[in-house]
Amino acid sequence: MTINLRVRKIKEKIFFTLSYISIAITLIILGSVIFFTFVKGINSWSISFFLSPQRSPLDPNQGIAHAIQGSLLMSFLAAAISTPISILAAIYLSEYASTAFREKAEYILDAMAGIPSIVVGVVSYLLFVLPLGTFSAFAGSMALAIMMFPLMTRASQDAFMRVGREYREAGLAVGLPKWKVSLHIVLYIAKNGVITGFALAFGRIFGETAPLLMTALGSRSFPTDIFAPTSSITLLIYEYSKSPFEIWINIAWGASLFILIMNLAINLVIKFSVGDRRWVI
Amino acid sequence: MGYIKIELDKVNAWYGDNHVLKDLSLSIFEKSVTAIIGPSGCGKSTLLRVINRLHETVEGARVSGRVLLDGKNIYDDDIDPVDIRRRIGMIFQQPVAFPHLSIYDNVAIGLKLNGFKDKAMLDKMVEESLREAALWDEVRSRLMDKGISLSGGQKQRLAIARAIALKPEVILMDEPTSSLDPVAGAKIEDLIINLKRNYTIILVTHNIQQAARVADYIAFLYMGRLIEFGPARRVLESPEIELTEKYLTGEFG
Ligand SMILES: Nc1ncnc2c1ncn2[C@@H]1O[C@H](COP(=O)(O)OP(=O)(O)OP(=O)(O)O)[C@@H](O)[C@H]1O
Ligand SMILES: [Mg+2]
């Protein structure tokens, strides 16, 4: 064996070992996050944990029902606002825009997706809290919709652009106007990509805290008015985990476990509903 | 020679700066098969796509000149390209079956999405179209299966049924058999010969034997120009232009 060959083999071995260690560290960290959240959180799960709202910090019969409702309310409202706009914007970008315009728009959307969520919170505070004079579920939803918009638009646009030109031309060739080709052919063929994009964006906003701190603020009771302060699971975790009360701290762990499982569930639902071989994380 | 269904008058076409069709003038006779032949890249597909106004849907593509359908220029301002595409159907080289639609809906899509509602009438038109496309017997028992479950040759006949369902006057076919095996290709050729009783057909083909079998007229294109045009036998047996003869004898292509 020449010296060169031996050096090369050693380098190869070092590189292999380093990458092996790296993935091991990553998996161990991830595993311990899940493990600790599970061990710490599972004890606070009970019927009242899921069905009751906040009570006095010393009352053991309390839960996060008001926060779950707030989270679902704001996430679904955000999705309802942002989904149709995102899909239409994506259709415009992939079907109508010139290449030059599309590239600029992609750049802006990608930049928008990277804006720290606290900044989205501050902007939403200026746009939706100050003018209305109150923190509200509505303002929270708008902040989440702003976060969801670039993610879903880009994912849908990519899905549309993967649809072969032959399908569009076959649609045009039977005398369909372009908008019908976009809506009845391209959108359907790209459906799985759009659903994946939706689920990823939804999972992302479902776990957001910062934009809600500045907009929805939080609340101790069930949401009844979308123009009033509203709780969310993440806001509750944020508040309880800083509190000095043991019951609340335990509930915060339980709520963390709940969010973690929700996110895993959303990913599994995508994986199976789309029949996609990719693991989406 | 018969009624002139389509007349091209000094047609030019571009993709950006690429000048693809050059002063092309050509008459297409009603209820006949006109084959467009010529070497790869000479502009055959572009010519078809100019005739149903699909060319202009490509970014940067342009057309000049006139294309008269029944004497009326389809590039006039008062003409909606969507109406033209209902009157002039098109079959592509790669057979297209919409993956999200059943066999039935693959045929009905043009009617349905153009506002046709009457279910009984729709059933009837789908059946007629599939019969005319010689596909009915193979699919009648599984109309609700997905269109992509069909074989290549069946998909191509499905595409023909889809075009026929709109009762077009003209059918453009861009190398409809080149992606098929010989048996499936022969079925399409038989079909073309039957269809010309009711439709005016323009067939782009690489295959000179195919042109000899099905065409009434042949147009030979070279580098975007029409080199020779005439009755099929005359062009094949005694071409007037040397370039045509060279192409037919396989000296290039
Ligand atoms: N979408 C497009 N964008 C830019 N240029 C194009 C496009 N389609 C075709 N061209 C160019 O136009 C010219 C003619 O192409 P066309 O497809 O009409 O030829 P063709 O005769 O059909 O060739 P083939 O026998 O290979 O199908 C070629 O030089 C081709 O490169
Ligand atoms: Mg071609």
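Residues numbered from 1 in each chain as written. Chains lettered and ligands numbered in written order. Predicted model: local features only at pLDDT ≥ 70, side-chain atom pairs only at ≥ 80, totals over all residues. Heavy atoms only, no water.

## Considering the sheet that holds strand 7 (residues 170-174) of chain B
All names here are of chain B.
Then, in step 1: Ordered by their spatial adjacency, six strands build an open sheet running 6-7-8-3-9-10, and the pairing between neighbours is mixed. Each having just a single partner strand, strand 6 (88-91) and strand 10 (225-231) make up the two edges of the open sheet. Between one strand axis and the next, the sheet turns through 15 degrees on average, direction left out of account.
Then, in step 2: Where strand 9 (residues 217-222) lies against strand 10, six bridges are found, and the strand directions are antiparallel. Note that in strand 10 the partner of Leu221 across the bridge is Leu226.
Then, in step 3: Sitting on the sheet, helix 6 (residues 152-165) touches strand 6 and strand 7, and the angle it makes with strand 6 is about 170 degrees. (Pairing = 2+ DSSP bridges. Helix = DSSP H or I, 4+ residues; strand = E, 2+ residues; numbered from the N terminus. Axes fitted to C-alpha atoms, helices over the stretch in contact; angles between N-to-C directions. Contact = heavy atoms within 4.5 Å.)

## A look at the confidence of the model for chain B
Then, in step 1: For chain B, per-residue confidence averages 96 on the pLDDT scale, and 99% of positions sit at 70 or higher.
Then, in step 2: Two summary scores accompany this predicted model of the complex, namely pTM at 0.89 and ipTM at 0.94. (pLDDT = per-residue confidence, 0-100.)

## With respect to the interface of chain B and chain A
Then, in step 1: Between chain B and chain A, the contact holds 23 residues from the first and 19 residues from the second.
Then, in step 2: Regarding the contact of chain B and chain A, the summed buried area is about 1800 Å², with carbon and sulfur atoms giving 67% of it.
Then, in step 3: Of all residues in chain B, B:Phe98, B:His100 and B:Leu113 bury the most surface against chain A, accounting for 30% of the area lost on that side.
Then, in step 4: Put simply, chain B and chain A have one salt bridge between them.
Then, in step 5: Run the count over chain B and chain A and you get seven residue pairs in polar contact (both at pLDDT 80 or more).
Then, in step 6: Elements with a contribution of two residues or more to the side of chain B that touches chain A: helix 2 (81-87), strand 6 and helix 3 (103-113) of chain B. (Buried area = accessible area lost by both parts, 1.4 Å probe. Salt bridge = Lys/Arg side-chain N within 4 Å of Asp/Glu carboxyl O. Polar contact = N/O pair within 3.5 Å; in protein donor to acceptor, adjacent residues only side chain to side chain.)

## A short note on the side chain of A:Ser243
Then, in step 1: Mapped onto the fold, A:Ser243 is located in the loop between helix 11 (233-242) and helix 12 (246-274).
Then, in step 2: Overall, A:Ser243 belongs to the buried group, its relative accessible area being 11%. (Buried < 20%, exposed > 50% of the residue type's maximum accessible area, 1.4 Å probe, protein only.)

## Remarks on the domain arrangement of chain A
All names here are of chain A.
Then, in step 1: We note that the domain assignment places domain 1 (2-42) and domain 2 (49-273) within chain A.
Then, in step 2: The centre of domain 1, based on its C-alpha atoms, is set 34 Å off from the matching centre of domain 2.
Then, in step 3: Interface of domain 1 and domain 2: buried area, both sides summed, is about 570 Å²; carbon and sulfur atoms make up 85% of it.
Then, in step 4: In terms of surface lost to domain 2, no three residues of domain 1 exceed Thr37, Lys40 and Gly41, which account for 67% of the buried area on that side.
Then, in step 5: Partitioned by chemical class, the residues of the side of domain 1 that touches domain 2 number four nonpolar, two polar and one charged. (Domains from an automatic or database assignment. Nonpolar A, V, L, I, M, F, W, Y, C, P; charged D, E, K, R; others polar.)

## A closer look at the site of ligand 1
All names here are of chain B.
Then, in step 1: Close to ligand 1 lie 13 residues; Ser40, Gly41, Lys44, Ser45 and Thr46 are nearest.
Then, in step 2: Contacts to ligand 1 include Tyr15, whose side-chain N or O atom sits 3.5 Å from a nitrogen atom.
Then, in step 3: At 2.7 Å, a side-chain N or O of Lys44 approaches an oxygen atom of ligand 1.
Then, in step 4: Coverage of ligand 1 by the protein chains reaches 62% of its 630 Å² of free accessible surface.
Then, in step 5: Of all the secondary structure elements, the ones that give two or more residues to the shell around ligand 1 are strand 2 (18-29) and helix 1 (44-51).
Then, in step 6: Looking at the shell around ligand 1 element by element, the count peaks at three residues for helix 1.
Then, in step 7: Split by residue class, the shell around ligand 1 holds four nonpolar, seven polar and two charged. (Near = heavy atom within 4 Å. Areas by Shrake-Rupley, 256 points an atom, 1.4 Å probe, with all protein chains shown as cover.)

## Considering the packing of helix 3 (residues 65-96) of chain A against helix 6 (residues 137-161) of chain A
How two helices sit against one another is set out by the angle between their axes and by the gap between those axes.
All names here are of chain A.
Then, in step 1: Two elements in contact, helix 3 and helix 6, have axes whose closest approach is 6 Å; the angle formed by their N-to-C orientations is 35 degrees. Between helix 3 and helix 6 lies a crossing of right-handed hand.
Then, in step 2: The residue makeup of the contact of helix 3 with helix 6, split by class, is 21 nonpolar, ten polar and one charged. (Left-handed = near helix turned anticlockwise from the far one by under 90°.)

## Observations regarding the packing of helix 3 of chain A against helix 8 (residues 178-189) of chain A
All names here are of chain A.
Then, in step 1: With their axes 11 Å apart at the nearest point, helix 3 and helix 8 run at an angle of 110 degrees to one another. Between helix 3 and helix 8, the interaxial angle falls into the category roughly perpendicular. In the crossing of helix 3 with helix 8, the sense of the turn from one axis to the other is right-handed. Contacts between helix 3 and helix 8 involve Ile87, Ile91, Glu95 and Tyr96 on the former and, on the latter, Lys178, Trp179, Ser182, Leu183, Val186 and Leu187. (Parallel < 35°, antiparallel > 145°, perpendicular 65-115°, else oblique.)

## As for helix 12 of chain A
What sets the pattern is the α-helix's 3.6 residues per turn: residues three or four places apart point alike.
Then, in step 1: For helix 12 of chain A, built from 29 residues, the straight-helix expectation of 42 Å at 1.5 Å per residue is met to within 8% by its first-to-last C-alpha distance of 42 Å.
Then, in step 2: Looking at the residues trailing helix 12 of chain A, positive phi occurs at A:Gly275, about 65 degrees. (Expected span 1.5 Å × (residues − 1).)

## Let's talk about the pairing of strand 3 (residues 33-37) of chain B
Residue and element names in this part refer to chain B.
Then, in step 1: Across the five residues that make up strand 3, a large majority, five, are buried.
Then, in step 2: Residues Val33, Ala35 and Ile37 line one face of strand 3 and the alternating positions Thr34 and Ile36 line the opposite face, and both faces are buried.
Then, in step 3: Two elements, strand 3 and strand 8 (residues 200-204), share four bridges in a ladder whose sense is parallel. Note that in strand 8 the partner of Ala35 across the bridge is Leu203.

## Concerning the packing of aromatic side chains
Residues and elements named next belong to chain A.
Then, in step 1: For the structure on display, the rule yields 21 aromatic pairs over all chains.
Then, in step 2: Taking the centre distance of 6.5 Å and the plane angle of 65 degrees together, the rings of Trp45 and Phe258 count as edge-to-face. With a gap of 213 residues between them, Trp45 in the loop between helix 1 (3-41) and helix 2 (47-51) and Phe258 in helix 12 connect regions that are remote in the sequence.
Then, in step 3: On the basis of relative accessible area, Trp45 is assigned to the partly exposed category, the value being 26%.
Then, in step 4: For Phe258, a relative accessible area of 15% puts it in the buried group.
Then, in step 5: For the pair Phe76 and Phe202, a centre-to-centre distance of 5.2 Å together with 50 degrees between the ring planes defines the contact as tilted. Residue Phe76 is found in helix 3, and its partner Phe202 is found in helix 9 (residues 191-206); the two are separated by 126 residues along the sequence. (Phe/Tyr/Trp six-rings, centres within 6.5 Å; stacked < 30°, edge-to-face > 60°.)

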